[in-house]
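Architecture and fold: a report
Below, each chain spelled out in residue letters.
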Amino acid sequence: MNNVFGLDIGTRNVVGTVGYQTDDKEFVVTAQYVKEHETRAMLDGQIHDIGRVAKTIKEVKDELEKQTGQPLEEVCIAAAGRVLKTVTTHVEYEYAQESVVTGEDVHTLDLLGIEKAQEALKEVNDTSYKFYCVGYSTVKFFLNDEVFISLEGHKANKIGEDIIVTFLPEDVVDGLYVAVGQAGLSVANMTLEPIAAINVAIPENYRMLNIALVDVGAGTSDISITRDGSIIAYGMIPHAGDELTEVIVQHFLVDFNMAESIKLQSTTSDTVTYKDIMSIEHTIPAKDVWDVAAPVVDNIAQEVSAKIRELNGDKTVSACFVVGGGGKIHGFTEKLAEDLDLPEERVALRGEEVLGDVTFEQEDIKKDPLLVTPIGICLNYYDQRNNFIMVRFNGERIKLYDNNRLTIVDAALQAGFPNDELFPKRGTPINFTVNGVARLVRGEAGEGAVVTMNGKPASINTPLEPNSEIIIEPSTAGEAAVYKISQLDEYNHSVITFIINGRRVSCPRFVQVNGELEPEDYSIRENDVIETRNYYTVRQIAQFMDLVIDTDQMIFVNNEEADLDTLVYENFSVEWKTDEYGVARIDNNNYNDTQESDNTVARTSEQMMNQVLDELHDDFAKEAEASAVPENELPENELPKNDIQEEIQEEDSSENTITVIVNGEPVELSGKDTYIFVDIFTHISFDLQAGKGRAIATVINGRDAQFSEELHEGDQIELYWKEN
């Protein structure tokens, strides 16, 4: 028979219990002793005077050793629920692109919330103490800023949650350890008072349900919420049994101890007998006490129900159990059931009925809700759950509170390992603007952290084992973002249209970066200001069309005299004369805003020529037929309309004949002084309608050539349709 020694170190007194568990799971209490603190050495469940608390613990220990006749060296203790710190916070996670939310994503969101809550707690408390996370609960989820019940399986750009996280301050734990140490004891097991109470008050097969446990003490009412077999949240309200006692003191003119007696009598008998401060004895119906306490009872019940809903995600629970002496006052459970929207039978005191497997060898001890927590502290020893465990994290020995669902990531958070070094990091992004609109290009994703436990590969969600060796190599960042002007939609799919000699010509918009024109292979940099120009100069239009303008002739823009540097905006008209052939995409139809993008996207000069050849093959045929017509037969200064034109100023009338090789066959060119590439089409048979969207390959002596390039004797020419 191995006795277990448990201590319930409360604000008003210390309860010591010694007992053992039989093979039939019955717990036998062999000794129990209660000792009040001589001074206010503890406030709200936290030790303020370690020496005086240690003295009281020593007296309880000595008395129990006398009762059992055995030395007591190890003790089980519990931290009060009222010392827990609860933080509510909001956290968000944004995906690089729309993604399906996984369970891992939700877990990551929880971890971000815990870390954010811990940082907020440190800021508020301004202390170097650590805080052990003992529970958390999601209040509500957000999917793209809309409230959702569940996130997993949905597509989202951004997810978020409101989360309540509960922490146990390190100084509270340290204070308890030091106090029992000064009393000559070592800690065998440590838990939380709400958990100790649940071990007794709520059978294990009920703990999968969403249940609230309310421990109504003297100064505070401690609340815990259980779901899926674990306690998910803790809370406390500063209203409890002492407030009931105070109102009785005032109404019946008695001292505090007599008021406590009146309160107790009102819960066990129909009449109450007491003496007031004038030593006059009174006997009154218990109902009179109930009526006096009713407003306070209602207020406590409302506060408790509101806190339960808050901790449970703004909704009620399935059932509620009440322990502690304060909860025995008449009408409390009924009012609490009403405020929680539960049937009265689902809110009940837990006392004698849950202590059925507990036997007291001391005959004067009565089973009572007051004994639930002290017995639970002893029973927790056998489970060895909700205790503190030790692990070694990256060489550092750390202590964690075991809430039955510890994973490696909990150890990382406790050790202060940066959260952003657990998950893959993206490379440096690029922020810039295009026509005043902000753009962001994200870097590449890096590799996740490399995690091992006891030398074996693991993940951050691997369950934690006591005394394990955890090593985490930080995650890495991916490559920095790279984005070129050629990748911009505005560059590839935005054109500007001009009217050149009566024909519409579509050109790609120029792109300028920070006020300077940049080529398409320019790599965009952080904070670049990018704009697409809404104009060309006359010179730039001619260069794009591969034309040489006759500067001896007048140039007109919108029927006004212009020069090569005049700005030409969308739909402006330009009239000029050229020295050489040049080509561009020309639209014979009227301009139409609904025209398909394929008919407006700018081409390279070579593609422009192919389009012209495709659309105007008849014009070239006519030119071939008319090549022998003397130019002086046309009226002076008049050129054919609706065609790309050539104005040839011959210096003399001499003719030159050359022979070139086209696709392996000799072709003789005659009738002109000089020849350019486009002249070939008047001397060979080439179906200009066979393109079907393909571009023409133009090659001279093994290199790409322009249509306006001069030809020479013996040039080797290749001309064919490129395959897409």
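Just so it is clear, the model here is predicted, and its values are computed rather than measured. (Residues numbered from 1 in each chain as written. Predicted model: local features only at pLDDT ≥ 70, side-chain atom pairs only at ≥ 80, totals over all residues. Heavy atoms only, no water.)

**Considering the overall build of the protein chain**
When you go through the protein chain residue by residue, the secondary structure sums to 14 helices and 42 strands. Residues classed as buried in the protein chain amount to 47% of the 724 residues present. The long-range share in the protein chain, meaning contacts at least 24 apart out of those at least 6 apart in sequence, stands at 64%. Accessible surface, the protein chain: about 36000 Å² in total, of which carbon and sulfur atoms supply 45%. (Helix = DSSP H or I, 4+ residues; strand = E, 2+ residues; numbered from the N terminus. Buried < 20%, exposed > 50% of the residue type's maximum accessible area, 1.4 Å probe, protein only. Contact = heavy atoms within 4.5 Å. Areas by Shrake-Rupley, 256 points an atom, 1.4 Å probe, with all protein chains shown as cover.)

**Thoughts on the pairing of strand β22 (residues 430-434)**
Taking every second residue as pointing to the same face, the buried face of β22 carries Ile430, Phe432 and Val434, while none of Asn431 and Thr433 on the other face is buried. Relative to strand β23 (residues 437-441), β22 runs antiparallel, the two sharing 5 bridges. Its bridge partner being in β23, Thr433 is matched across the sheet by Ala438. Linking two consecutive strands that pair antiparallel, namely β22 and β23, is a turn of 2 residues; a positive phi of about 55° is found at Asn435 within it. Sheet topology note: the β22/strand β31 (residues 529-532) ladder contains 2 bridges and is parallel. (Pairing = 2+ DSSP bridges.)

**Side note on the state of the cysteines**
Disulfide: a covalent bond connecting the sulfur atoms of a pair of cysteines. The final tally for this structure, using the stated rule, is 0 disulfides. Counting only cysteine sulfurs, Cys76 is the nearest neighbor of Cys378, a cysteine outside any disulfide, at a range of 6.3 Å. Overall, Cys378 belongs to the buried group, its relative accessible area being 0%. (Disulfide = S-S within 2.5 Å.)

**A short note on the sheet that holds strand β38 (residues 656-662)**
Read across the sheet, 5 strands follow the order β39-β38-β42-β40-β41 without closing on themselves; strand pairing throughout is mixed. Edge positions in the sheet fall to β39 (665-672) and β41 (703-704), since each of these pairs with one other strand and no more. Pairing of strand β40 (residues 696-700) with strand β42 (residues 716-721) involves 5 bridges; the strand directions are antiparallel. Note that in β42 the partner of Thr698 across the bridge is Leu719.

**Remarks on the sheet that holds strand β20 (residues 388-393)**
Consider a sheet: its strands pair through backbone hydrogen bonds, and that pairing is either parallel or antiparallel. Overall, mixed pairing links the 5 strands, which are arranged β21-β20-β26-β24-β25 in an open sheet. At either margin of the open sheet sits one strand with a lone partner, and together these are β21 (396-401) and β25 (456-458). Taken over all neighbouring pairs, the strand axes of this sheet differ in orientation by 35° on average, direction set aside. When strand β24 (residues 450-453) meets β25, the two strands line up antiparallel, connected through 3 bridges. Residue pairing for β25: Val451 is matched across the bridge by Ala458. (Axes fitted to C-alpha atoms, helices over the stretch in contact; angles between N-to-C directions.)

**Observations concerning unusual backbone geometry**
The phi dihedral of Asn514 falls on the positive side, at around 50°, and the residue is not glycine. Within the secondary structure, Asn514 sits in the loop between β29 (511-513) and β30 (516-517). On the basis of relative accessible area, Asn514 is assigned to the partly exposed category, the value being 46%.

**A word on the environment of Leu72**
Secondary-structure assignment places Leu72 in the loop between α1 (50-68) and β6 (74-79). The buried category is assigned to Leu72, whose relative accessible area is 8%. With residues up to four places along the chain from it excluded, the contact list for Leu72 reads Phe5, Val18, Lys61, Leu64, Glu65 and Leu185.

**With respect to the side chain of Glu193**
The topology assignment puts Glu193 in helix α4 (residues 193-201). Among the residues examined, Glu193 registers a relative accessible area of 5% and is labelled buried. Filtering out sequence-adjacent residues up to four positions away, Glu193 remains in contact with Asp8, Ile9, Ala78, Ala79, Ala80, Gly81 and Thr373.

**Here's the deal with the side chain of Asp550**
Assignment of secondary structure puts Asp550 in the loop between α12 (538-544) and β33 (555-557). Engagement of the side chain of Asp550 in a polar contact is seen with the backbone nitrogen of Asp552, the distance being 3.0 Å. Apart from the residues within four sequence positions on either side, Asp550 is in contact with Lys577, Thr578 and Asp579. (Polar contact = N/O pair within 3.5 Å; in protein donor to acceptor, adjacent residues only side chain to side chain.)

**Some details on a nonpolar patch on the surface**
On the surface, Leu253, Ile277, Met278 and Ile280 cluster together to form a nonpolar patch covering roughly 430 Å² of accessible area. With respect to the helices, strands and loops of the structure, Ile277 is situated in the loop between β15 (271-275) and β16 (281-285). (Patch = residues over 30% accessible without salt bridge, like charges linked within 9 Å, V, L, I, M, F, W, Y side chains within 5 Å. Salt bridge = Lys/Arg side-chain N within 4 Å of Asp/Glu carboxyl O.)

**Some details on the pattern of salt bridges**
Applying the stated criterion across every chain, the model contains 17 salt bridges. The salt bridge involving Lys158 is made with Glu92; its shortest N-O contact spans 3.8 Å. With a gap of 66 residues between them, Lys158 in strand β10 (residues 155-169) and Glu92 in strand β7 (residues 85-100) connect regions that are remote in the sequence. Glu92 gets classed as partly exposed once you look at its relative accessible area, which sits at 41%. When the shortest N-O distance is used, the salt bridge between Asp291 and Lys287 registers 3.2 Å. With a gap of 4 residues between them, Asp291 and Lys287 both fall in helix α7 (residues 286-311), about one helical turn apart.

**Describing the confidence of the model for the protein chain**
Close reading of the predicted structure is inappropriate where its pLDDT is low. With 85% of its residues at a pLDDT of 70 or more, the protein chain has an overall mean of 80. A low-confidence stretch, residues 581-654 (pLDDT under 50), is modelled with 108 contacts involving residues beyond four sequence positions or located in other chains. (pLDDT = per-residue confidence, 0-100.)

**Focus on the pairing of β24**
Taking every second residue as pointing to the same face, the buried face of β24 carries Val451 and Met453, while none of Val450 and Thr452 on the other face is buried. In this sheet, strand β26 (residues 469-473) lies alongside β24 in antiparallel orientation, the contact comprising 4 bridges. Each residue of the ladder has a partner; that of Met453, found in β26, is Ile470. If you look at the hairpin formed by β24 and β25, you'll find 2 residues sitting between the two strands, and Asn454 has a positive phi there, around 55°.

**Considering the nonpolar core**
Within the largest apolar cluster, 61 residues are counted, with the highest numbers of intra-cluster contacts made by Leu7, Ile9, Ile57, Leu168, Leu192 and Ile375. Per-element accounting of this core gives the leading share, 6 residues, to α4. Setting aside anything within four residues of it in sequence, one finds Leu7 in contact with Val14, Val15, Gly16, Ile57, Val60, Val75, Cys76, Ile77, Ala78, Leu185 and Ile377. In this structure, Phe167, Val391, Leu400 and Met453 belong to the second largest nonpolar core, which totals 32 residues. (Core = buried A, V, L, I, M, F, W, Y, C linked by side-chain atoms within 4.5 Å.)

**Some details on the packing of helix α5 (residues 241-252) against α7**
Contact pair α5 / α7: the axes reach a minimum separation of 9 Å and the direction vectors enclose 140°. By the angle between their axes, α5 is oblique relative to α7. For α5 against α7, the interelement crossing comes out right-handed. In this structure, α5 uses Glu243, Leu244, Val247, Ile248, His251 and Phe252 to contact α7, whose residues at the interface are Asp288, Val289, Val292, Ala293, Val296, Val297 and Ile300. Its residues placed into classes, the contact of α5 with α7 shows 10 nonpolar, 1 polar and 2 charged. (Parallel < 35°, antiparallel > 145°, perpendicular 65-115°, else oblique. Left-handed = near helix turned anticlockwise from the far one by under 90°. Nonpolar A, V, L, I, M, F, W, Y, C, P; charged D, E, K, R; others polar.)

**Examining the packing of α7 against helix α8 (residues 332-339)**
Where α7 contacts α8, the two axes come as close as 9 Å, and the packing angle between them is 45°. In terms of orientation, α7 and α8 fall into the oblique class. α8 is crossed by α7, and the crossing has right-handed handedness. On α8, the residues touching Val297, Asp298, Ile300, Ala301, Gln302, Val304, Ser305 and Arg309 of α7 are Phe332, Lys335, Leu336 and Asp339. When the residues that make up the contact of α7 with α8 are grouped by side-chain class, the tally is 6 nonpolar, 2 polar and 4 charged.

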